[in-house]
Amino acid sequence: AVTWVGNLLSRARLEVWEDGKPTKNADAIEALQSLFGGEEGQREMLRQLGTHLTVPGDCYIVGEDMGEEPDAWSVVAANRISKVGDNWKIGKAVLDNPLVIRIWRPHPQKADAADSPSRAVLPILDEIDGFSKYVKAQLSSRLTGAGVLAIPSEITFGTVRGLLDKDASGAEVATSSSGIDAFLREFIDTVSTATVDPADASARVPIILQGPGEFLDKVQHITFWSELDAQAKELRDEAIRRLALGMDMPPEILTGTGEMNHWNSWQVEEASIKSHTEPLLQIITTSVSYT
């Protein structure tokens, strides 16, 4: 969403107008051409301004006179610039008589404070982040991802490996052991083969169990996932839809336009310019300098 706003603003071209039409004042035209080195630099400036106006709603344009060299221009985040006395600082660096222009979305209650569409959707963003973390935890947890397989000790594997053990030299020898250790060894070997090499034919062979009939139905797969697992995707999609409605852009930008025809897509593009881009450009072009 933020990238979209910045990219849309970067498509604008700045001009100096006087008395309702483009000016012919050579000094004004030269001043505009020196701003961020011309039209290409101004496109990047507008892209960065779009990002700042969408997230914190506040930023600064800073220009420095470099003498014989071209002026140095930069877009600075509001939390990176400060003024101590008569000196402007970016971080700890003191600027030498800079031109500083603040650009911000005025808060409806406090005009000198900044506002942004991201501020209103912070709770929704927190929900989306929570759902993403929940899904990640599910993927990385063996307990919720695979559960626990409970098997009676009276059941053993119906294979030779279940009756093999290792002597002191490490060689496999026959044993009458039918305990849980042999069972686990066979189970781990089988699962490991499927994990290391899914293409191995043995990974597709079913695991054979044998034991008294009355114990076979006692095999249980215990799971630990909750009802939220089945609803997580739907809830996250709903949160994204609410985010799209809360941002300063057509909702279709975030929800997608795959089911729209070309006429509807054109209307979205038109609304993007008239209702969302032009007001931001108005804020940018009417901002005043501090120095």
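Computed from a predicted structure; not experimentally measured.

Our focus in this paragraph is the layout of surface pockets. Each pocket or cavity is described by its volume, and for the largest pocket that value is around 460 Å³. Forming the boundary of the largest pocket are 17 residues, of which Leu 14, Leu 32, Leu 35, Ile 284 and Thr 285 lie nearest the centre. For the lining of the largest pocket, the elements supplying multiple residues, two or more each, are strand E8 (99-104) and helix H11 (262-285). Taken together, the residues that form the lining of the largest pocket break down as 13 nonpolar, two polar and two charged.

Take unusual backbone geometry next. Residues other than glycine seldom take positive phi values, yet Phe 36 does so here, at roughly 55 degrees. Looking at where Phe 36 falls in the secondary structure, it is placed in the loop between helix H2 (26-34) and helix H3 (39-54). Judged by its relative accessible area of 17%, Phe 36 is buried. Notably, Asn 97 is not glycine yet its phi reads approximately 50 degrees, a positive angle. Along the chain, the position of Asn 97 falls in the loop between strand E7 (93-94) and E8.

Another point: the packing of aromatic side chains. Here the structure, examined in full by the defined rule, presents two aromatic pairs. The ring of Trp 104 is capped by Arg 102, whose NZ or CZ atom sits 4.1 Å from the centre of that ring.

Reading across the sheet, the three strands line up as E4-E3-E8 and stay open at both edges, with antiparallel pairing between neighbours. Either end of the sheet is taken by a strand with one partner, and the two such strands are strand E4 (72-77) and E8. The mean inter-strand angle of the sheet, taken between neighbouring strand axes irrespective of direction, is 20 degrees. Strand direction decides the pairing type here: strand E3 (residues 58-64) and E4, joined by six bridges, are antiparallel.

Tallied over the entire structure, the rule returns nine salt bridges. Residue Glu 238 is joined to Arg 241 by a salt bridge in which the shortest nitrogen-to-oxygen separation is 3.1 Å. Of this pair, Glu 238 and Arg 241 both sit in helix H9 (residues 228-246), three residues apart, which is roughly one turn of the helix. Among the residues examined, Glu 238 registers a relative accessible area of 34% and is labelled partly exposed. Residue classification places Arg 241 among the partly exposed positions, given a relative accessible area of 40%.

Thresholds applied
Residue numbers run consecutively from 1 along every chain, following the written order of its sequence. Per-residue local features of the predicted model are confined to residues with pLDDT of at least 70, and side-chain atom pairs are confined, for both listing and counting, to 80 or more; whole-chain, interface and lining totals are unaffected and use all residues. Side-chain metrics in this entry use all non-hydrogen atoms of the structure; hydrogen atoms and water are not considered. Definitions used for this entry: grid spacing 1 Å over protein atoms alone; cavity, a set of points where a 1.4 Å probe fits but cannot get out; pocket, an open set with protein on both sides within 12 Å along at least 5 of 7 lines; lining residue, one with an atom within 4 Å of a point. Grid points are joined across faces, edges and corners, and a volume is the space filled by probe spheres set on the points. Comment: elements are numbered from the N terminus, with helices defined as DSSP H or I runs of at least four residues and strands as E runs of at least two. In this count, Pro and Cys sit with the nonpolar residues alongside Ala, Val, Leu, Ile, Met, Phe, Trp and Tyr, while Asp, Glu, Lys and Arg are called charged and the others, Gly among them, polar. The cut-offs for exposure are 20% and 50% of the maximum accessible area for each residue type, with area from a 1.4 Å probe on protein chains only; residues under the lower value are buried, those over the upper are exposed, and the others partly exposed. Each aromatic pair joins two rings of Phe, Tyr and Trp (for Trp, the six-membered one) with centres within 6.5 Å, and gets the label stacked for planes under 30 degrees apart, edge-to-face for over 60, and tilted for any other angle. Our definition puts a charge over a ring when NZ of Lys or CZ of Arg is within 6 Å of the ring centre and also within 35 degrees of the ring normal. Note on pairing: two strands pair once DSSP finds at least 2 bridges between them. A fitted line through C-alpha atoms serves as each axis, taken over the contacting stretch for helices, and the angle formed by two N-to-C directions is quoted from 0 to 180°. Just to be clear on terms, a salt bridge is a Lys or Arg side-chain nitrogen sitting within 4 Å of an Asp or Glu carboxyl oxygen.

None of this, on its own, says anything about what the molecule does.
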